[in-house]
2 protein chains.
Amino acid sequence: MHFYIKPKKKEEVLSTLKALGESFLKDIEDGKNPSVEIPVRTLRNVKFDAKERKIFLGGYVSKRYLLHLGQIRNFTQLAGVASLSKNLIEENKHISLREAFYILKRNIPGLHKNIVDEQEESNKAIEDLELVINALREQLHINANKLGAVAGNVVIRDRGDLIDWSKLGSGGWSVPSNVEDIEFVKVNAKFILYIEKSAVWERLHEDKVWKKLNCIIVASQGQATRGIRRLLQRLSYEHGLPIYVLTDLDPWGIYIYSVIKFGSIALAHISDRLAIPSAKFLGLTVDDVKKYGLEKHLIKFKEIDMKRLEQIREYEWFKNNKEWQRQFDLMKEMETKAELEALSARGITFISEKYLPEKIKSGEFLD
Amino acid sequence: MHFYIKPKKKEEVLSTLKALGESFLKDIEDGKNPSVEIPVRTLRNVKFDAKERKIFLGGYVSKRYLLHLGQIRNFTQLAGVASLSKNLIEENKHISLREAFYILKRNIPGLHKNIVDEQEESNKAIEDLELVINALREQLHINANKLGAVAGNVVIRDRGDLIDWSKLGSGGWSVPSNVEDIEFVKVNAKFILYIEKSAVWERLHEDKVWKKLNCIIVASQGQATRGIRRLLQRLSYEHGLPIYVLTDLDPWGIYIYSVIKFGSIALAHISDRLAIPSAKFLGLTVDDVKKYGLEKHLIKFKEIDMKRLEQIREYEWFKNNKEWQRQFDLMKEMETKAELEALSARGITFISEKYLPEKIKSGEFLD
């Protein structure tokens, strides 16, 4: 059988999980070999939709059987995760990927084999299940790490608490790993700023940027966590807010933007729930180096930077983008990178009072 | 001249900075060579006070002159940081270590030399200044990275906001890099739990551990940031709360505990403001492996784990501690480590409902 429903609510996820288990049971009762179809997640099945500007998973599907020497282990792992998730949802408990691993590292009664022996196995089974029942891992109540903070004119409801993101002092609200159940009660903002570095977030927060520019400021450290990406996407889709991504000028910063906007290869199967194709790049550009007099503060490329740059410029979603290719050409020529913090050489609050307002006003975004 | 006052309030830090600058000026006007005494921070000057159980800096002091070919650079960097900090405090702005570097990477008028060329230089000058005026870097308005979250029955005032740590949903309050200006308005808790992993924090938070055990739960990821350590110390000292540290059973977890309790070699000069000698270890022990049936979930030591274990057991603060040496002996014998998440194999909420209450009730702490 092949599940391809799009469950949105908790009850739907739960009933899909139950239906999956029942279909296995029925196959057994009918003397059939239980099976499940899983879209293939290898690179050859990862595509880029140039029109929608989103990485997505192609149509290749593989069928996995219970009674098959090479497939029984994967099949059992998938069933194990499905059973665990069903219990979690029913008990309204959430666990981490690491906890899921330890829980599944147990003997199958009557056998001297564990369901999983390594976390890679449980992680893979969880990702497979995401695909099979078309729900997010977070909807299966399994979370990754929590990271990042947010501030802005927003009020949310979460676990019964009413939380005002504009009244949380210097710290802000700590973004949980799972934002699926958060309810946005009031959202008063014109756009969202995702910042690559928490130290820069603290700069903008102290300078009251979210108040002055009427926006929401969000940061984790480096790549945005899934929790953050879901938060950005929900705010963008449910409240029509543009997302601006603020990073350093280097291949790593540009890839942070790329993942937020187009999705990633590893998570191509859930681009729909993570990617934000309308996101814009508000980070440092090669042109900013001259414009803001940062020449003195450039940092020499290491070999690994150049290598990463060469990889990124070849990505399908950048390959035919003239603006970006121009940036890549110039970066290659300069062989240097520049950090957001370099702007502080122009004045402590330069980034808050000049750089951001000017760029946003003039609409100088890379897309 | 030699500063060794203990400035506590903002005004005191500011006046000490001014006095430092004025002393330099006066020396110049008097035709003297301006100088400053800085306690030596090399390993030979780092000691352990067995009675107070705290790492501290010994009495070696070096004198640094402005007009000295080998010292003028360091002297100027120190003066540069002092001047920057004075401005920051007066303008009530905070910056990151990275921003401080970029601000100080500027020409001295009339010379073709930068005050600093590398961040290591500005970092070192900032640490020197901490010593010279006996104030925390945070009091100089220079911060490191922000990380971590907190929840509990506590109300604080910060930047004019009244923040209730018990009403922040699943996320909690995001701990800023600098907690010096936070005011504790209401603290209703019996102890504080510092957790090595944010995923375990989410476990305890979902299970309402802080409510059930009447405590405060704090986590960052790995080593506690300075912001977190200051938060723990302030809560411990100002409100008499014991600190319990919850980590994995491995040399890295034990070192996280070690730093919170005894301080660190690198920051020996500010142990007074960071170390919490009364902190107790509530993490997994070798005995817990048997007691809670975790044998199945042990992870084989890598070479680096064994090496780190050998280093840690030789630290002066562990060397004469029989209890810890017994743990180290057994760890060496087993050659394995165990993670907190392994407890979830006993049940999702086992850590919250069994492990923690039992251990705390029976007072089973390593000290």
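Residues numbered from 1 in each chain as written. Chains lettered and ligands numbered in written order. Predicted model: local features only at pLDDT ≥ 70, side-chain atom pairs only at ≥ 80, totals over all residues.

This brings us to the overall build of chain A. Helix and strand content of chain A: 14 helices and 17 strands. For 367 residues, the compact-globule estimate of 2.2 N^0.38 gives 21 Å, and chain A sits close to it at 23 Å. Taken over 367 residues, chain A has a buried fraction of 46%. (Helix = DSSP H or I, 4+ residues; strand = E, 2+ residues; numbered from the N terminus. Rg over C-alpha atoms; globule rule 2.2 N^0.38 Å. Buried ≥ 20, exposed ≤ 12 C-beta atoms within 10 Å, placed from the backbone.)

Further remarks concern the environment of I243 of chain A. Residue and element names in this part refer to chain A. Within the secondary structure, I243 is located in strand 14 (residues 243-246). Sequence-wise, I243 and A279 are 36 residues apart; in three dimensions their C-alpha atoms are separated by 4.8 Å. Setting aside anything within four residues of it in sequence, one finds I243 in contact with I192, Y194, L232, S236, I260, I276, S278 and A279. (Contact = placed C-beta atoms within 7 Å.)

The next thing to look at is the relation of the copies chain B and chain A. Relating the two copies of this chain is a rotation about some axis coupled with a shift parallel to it. Superposition record for chain B on chain A: RMSD 0.0 Å, screw rotation 180°, translation along axis 0.0 Å. The operation mapping one copy onto its partner corresponds to a two-fold rotation axis. The position closest to the rotation axis in chain B is occupied by the C-alpha of S174 of chain B, lying 2.1 Å away. A shared binding surface is used by both copies, with 100% of the interface residues of chain B retained as interface residues in chain A. (Least-squares fit on C-alpha atoms with pLDDT ≥ 70 in both.)

Here the focus is the pairing of strand 2 (residues 46-49) of chain B. Residues and elements named next belong to chain B. Across four bridges, the pairing between strand 2 and strand 3 (residues 54-57) is antiparallel. Among the inter-strand pairings, D49 is bridged to a residue of strand 3, identified as K54. Between the antiparallel neighbours strand 2 and strand 3 lie four residues, among them R53 with a positive phi of about 50°. (Pairing = 2+ DSSP bridges.)

So, on to unusual backbone geometry. Residues and elements named next belong to chain B. At H141, a position not held by glycine, the phi torsion is positive, near 70°. Located in the positive-phi region is K208, a residue other than glycine, with phi close to 55°. Examined against the element boundaries, K208 turns out to sit in the loop between helix 5 (198-206) and helix 6 (209-212).

In terms of nonpolar packing, the biggest core is built from 192 residues, with I217 and V218 of chain A together with I217 and V218 of chain B touching the most fellow members. Sequence-distant contacts of V218 of chain A, defined by excluding residues within four places in its chain, comprise G148, V150, I192, L193, Y194, I195, I228, L231 and L232 of chain A. (Core = buried A, V, L, I, M, F, W, Y, C linked by C-beta atoms within 7 Å.)

All names here are of chain B. Where helix 2 (residues 72-91) contacts helix 3 (residues 97-104), the axes come no closer than 11 Å and their chain directions differ by 115°. With respect to helix 3, the element helix 2 is oriented roughly perpendicular. When you trace helix 2 past helix 3, the crossing you get is right-handed. Mapping the contact onto sequence places G80, V81 and L84 in helix 2 and A100, I103 and L104 in helix 3. Considered class by class, the residues forming the contact of helix 2 with helix 3 number five nonpolar, one polar and no charged. (Axes fitted to C-alpha atoms, helices over the stretch in contact; angles between N-to-C directions. Parallel < 35°, antiparallel > 145°, perpendicular 65-115°, else oblique. Left-handed = near helix turned anticlockwise from the far one by under 90°. Nonpolar A, V, L, I, M, F, W, Y, C, P; charged D, E, K, R; others polar.)

Residue and element names in this part refer to chain A. Judged by pairing direction, the sheet is antiparallel, and its three strands sit side by side in the order 9-8-11 without closing on themselves. Edge strands, defined here as strands with exactly one partner in the open sheet, are strand 9 (161-164) and strand 11 (183-187). Going from strand to strand, the sheet's axes swing by 20° on average, the running direction of each strand aside. Of the pairings in the sheet, the one linking strand 8 (residues 154-158) to strand 11 comprises four bridges and is antiparallel in character. Residue V155 lies in a different strand from strand 11, and its bridge partner there is K186.

Residues and elements named next belong to chain A. The pLDDT averaged across chain A works out to 94; a share of 98% of its residues lies at or above 70. Confidence drops under pLDDT 50 across residues 1-7; counting only partners more than four residues distant or on other chains, this segment forms 17 contacts. Across the interfaces of the predicted complex, the ipTM metric reaches 0.92, alongside a pTM of 0.93. (pLDDT = per-residue confidence, 0-100.)

A few words now on helix 5 (residues 198-206) of chain A. All names here are of chain A. Of all nine residues in helix 5, nine are buried, a share of seventy percent or more. Among all positions in helix 5, only S198, A199, V200, W201, E202, R203, L204, H205 and E206 are buried. One or two residues past the end of helix 5 sits K208, with phi positive at roughly 55°.

Moving on, we come to the interface of chain B and chain A. Taken residue by residue, the interface counts 39 residues in chain B and 39 residues in chain A. Looking at the side of chain B that touches chain A, the elements that each hand over two or more residues are strand 5 (95-96), helix 3, strand 9 (161-164), strand 10 (173-174) and helix 5 of chain B. Here the side of chain B that touches chain A is composed, by residue class, of 13 nonpolar, 13 polar and 13 charged.

In this section: the sheet that holds strand 11 (residues 183-187) of chain B. All names here are of chain B. Reading across the sheet, the three strands line up as 9-8-11 and stay open at both edges, with antiparallel pairing between neighbours. The open sheet has two free edges, formed respectively by strand 9 and strand 11, since each of these has just one partner strand. On average, adjacent strands in this sheet sit at an angle of 20° to one another, irrespective of strand direction.

The next point concerns helix 4 (residues 119-132) of chain A. In a regular helix each residue adds 1.5 Å, so 14 residues correspond to 20 Å; helix 4 of chain A covers 20 Å between its end C-alpha atoms and thus fits that length. Buried residues along helix 4 of chain A sit in contact with helix 1 (10-29), strand 1 (35-39), helix 2 (72-91), helix 3 (97-104) and strand 6 (142-143) of chain A. (Expected span 1.5 Å × (residues − 1).)

Residues and elements named next belong to chain B. Viewed as axis vectors pointing N to C, helix 2 and helix 4 (residues 119-132) meet at an angle of 75°, and their least axial separation amounts to 9 Å. By the angle class used here, helix 2 and helix 4 are roughly perpendicular. In contact with Q77, L78, G80, V81, A82 and S85 of helix 2, helix 4 contributes E121, S122, A125, I126, D128, L129 and V132. Here the contact of helix 2 with helix 4 is composed, by residue class, of seven nonpolar, four polar and two charged.

Here we come to the environment of G160 of chain A. For G160 of chain A, the location among the structural elements is in the loop between strand 8 and strand 9. Considered as a pair, G160 of chain A and F301 of chain A are 141 residues apart in the sequence and their alpha carbons are 49 Å apart.

Take the environment of L136 of chain A next. Residue and element names in this part refer to chain A. The residue L136 is located in the loop between helix 4 and strand 6 in this model. Overall, L136 belongs to the partly exposed group, with 18 C-beta atoms counted inside 10 Å. For L136 and E180, which are 44 residues apart along the polypeptide, the C-alpha to C-alpha distance reads 9.4 Å. Once residues lying within four places of it in the same chain are set aside, the contact partners of L136 are E130, I270 and R273.

Right, let's talk about the domain arrangement of chain A for a bit. Residues and elements named next belong to chain A. Partitioning chain A into domains gives domain 1 (10-143) and domain 2 (149-362). Between domain 1 and domain 2, the residue contacts involve 18 residues of the former and 17 residues of the latter. A total of four residues in the side of domain 1 that touches domain 2 trace back to one element, the largest contributor, which is strand 3 (residues 54-57). Its residues assigned to classes, the side of domain 1 that touches domain 2 shows nine nonpolar, three polar and six charged. (Domains from an automatic or database assignment.)

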